[in-house]
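Single-letter residue listing:
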Amino acid sequence: MSSSPRPITDELKALWTLALPLALAQAGQALMGLVDTAVVGRLSETAQAAAGLGNSLTFTVMFFGMGVMMALDPLVSQAIGAKRPADARSHYWTGVWLALTTSLVLLVPLVLMGPLLRLVGVAPDIADGALTYIDVRLPGVAGQLLFVGARSYLQGLGRTRAIVGAMVFANVVNFGLDVVLVFGAGPIPAMGIAGAAIATTVCTWLQFLVLVPALGPRLEGVKRSLDVTAVWRAARLGLPVGLHLLAEGGVFGLAGLLAARLGSSSSAAHQVALTWASLTFCVAVGIGSAGSVRVGWGVGARNLPAARRSGLVAF
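Just so you know, these numbers come straight off a predicted model, no measurement behind them.

Caption draft 1: Summary view of unusual backbone geometry. Even without glycine at this site, Lys 83 takes up a positive phi of about 60°. Looking at the element boundaries, Lys 83 is found in the loop between helix 3 (72-81) and helix 4 (85-111).

What follows is the structure, encoded as structure tokens:
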């Protein structure tokens with residue numbers, strides 16, 4: 001089955017309409033770390049270096065999990081393209097189980113960051129602050145991956161407004177909580193680095209919960225229970241993406257570790273530059289996600305010329 005090809009300008013417009021909100025949503029993830037670094041930087045350069053390093057290492061590990069969760073992008077979009085909404089929702093529930101399983105795996109390297117920091121030779125004051133930040137962020141790993149799964153489902157449906165809304169809401173709340181928890185207010189004591197990590201952890205879960213109503217009503221014929229075969233199939237699809245993102249993000253994480261060996265001033269400056277730079281790739285990630293969705297729609301509809309055109313325009 002195929003239809004007459006769309007003009008490239010129409011495809012480009014449709015792609016960008018989908019890519020822009022996805023890029024903004026991706027930028028929202030990086031922005032929370034940027035706000036943490038900026039607010040904690042008002043305490044001291046050592047605190048800023050520690051929070052920045054902790055955020056960088058946490059995000060590097062979670063980047064792998066986010067890549068694994070990207071397996072849902074083609075699965076959901078192909079089901080939507082084939083006009084099988086119940087299958088798309090079943091893939092979402094597969095993603096829920098995949099997120100919970102992957103988050104448990106990711107806790108292991110995060111818990112073992114202490115020996116790594118000592119092995120690399122990070123200054124003890126920076127290492128202690130970074131480990132405090134990482135430890136408090138541990139409960140947010142599952143929330144982050146669940147958010148990515150919900151985002152994949154909604155972008156497969158073309159419902160991107162809720163994704164942007166959740167990102168904006170979470171970032172506004174994160175800034176307010178950062179200020180209150182880092183410096184204290186009224187009966188709330190100043191928590192420093194731990195306060196910034198608590199704020200981001202809370203808002204990570206908050207942005208997921210905000211998306212839940214946007215998923216829509218229950219559908220008939222949806223598989224919600226754990227299907228080990230389906231989870232393994234999705235994991236095999238997402239694992240190469242996760243490894244690619246881990247390799248890419250790991251280079252920046254390694255650079256952060258090396259900068260931390262040079263002292264708090266160098267480490268703080270590096271983390272500020274790195275956090276700002278992390279915003280720049282968000283547009284590319286948004287275009288890639290939008291391209292994956294539109295290709296999936298074409299494949300699901302058995303319109304391979306449309307799928308090819310969407311892929312080429314995304315490139």
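Caption draft 2: Up close: the pattern of salt bridges. Enumeration according to the criterion identifies two salt bridges in this entry. Between Arg 294 and Glu 11 there is a salt bridge, and its shortest N-O distance comes to 2.7 Å. Taken together, the positions of Arg 294 in helix 12 (residues 282-300) and Glu 11 in helix 1 (residues 8-40) put the pair 283 residues apart, joining distant regions of the chain. A single burial state applies to Arg 294 and to Glu 11, both of which are buried.

Caption draft 3: Main features of the side chain of Ser 90. Locating Ser 90 in the fold gives a position in helix 4. A residue is classified by how much of its surface remains accessible, and Ser 90, at 11% relative accessible area, is buried. Those residues in contact with Ser 90 that sit more than four places away from it in its chain are Gly 221, Val 222 and Lys 223.

Caption draft 4: Looking closely at the nonpolar core. Core analysis: the largest hydrophobic core is formed by 71 residues, its most contacted members being Leu 53, Leu 117 and Val 122. Per-element tally for this core: the top contributor is helix 2 (residues 45-69), with 14 residues. Setting aside chain neighbours within four positions, we find Leu 117 in contact with Leu 53, Leu 57, Val 122, Ala 127, Ala 130, Leu 131 and Leu 257.

Caption draft 5: Layout of the packing of helix 2 against helix 7 (residues 140-157). Where helix 2 meets helix 7, the axes come as close as 9 Å, and the angle between the chain directions of the two elements is 30°. Here helix 2 lies roughly parallel to helix 7, going by the angle between them. When the axes of helix 2 and helix 7 are compared, the crossing they make is right-handed. Of the residues in helix 7, those touching helix 2 at Met 62, Gly 65, Met 66 and Met 69 are Val 141, Gln 144, Leu 145, Val 148, Gly 149 and Ser 152. Tallied by class, residues from the contact of helix 2 with helix 7 come to six nonpolar, four polar and no charged.

Caption draft 6: Quick peek at helix 2. For helix 2, which comprises 25 residues, the first-to-last C-alpha distance of 35 Å matches the rise-based estimate of 36 Å (1.5 Å per residue) to within 8%. The buried count for helix 2 comes to 23 of 25 residues, which makes it a mostly enclosed element.

The rules behind each value
Residues numbered from 1 in each chain as written. Predicted model: local features only at pLDDT ≥ 70, side-chain atom pairs only at ≥ 80, totals over all residues. Heavy atoms only, no water. Helix = DSSP H or I, 4+ residues; strand = E, 2+ residues; numbered from the N terminus. Salt bridge = Lys/Arg side-chain N within 4 Å of Asp/Glu carboxyl O. Buried < 20%, exposed > 50% of the residue type's maximum accessible area, 1.4 Å probe, protein only. Contact = heavy atoms within 4.5 Å. Core = buried A, V, L, I, M, F, W, Y, C linked by side-chain atoms within 4.5 Å. Axes fitted to C-alpha atoms, helices over the stretch in contact; angles between N-to-C directions. Parallel < 35°, antiparallel > 145°, perpendicular 65-115°, else oblique. Left-handed = near helix turned anticlockwise from the far one by under 90°. Nonpolar A, V, L, I, M, F, W, Y, C, P; charged D, E, K, R; others polar. Expected span 1.5 Å × (residues − 1).

Purely geometric numbers; function is a separate question.
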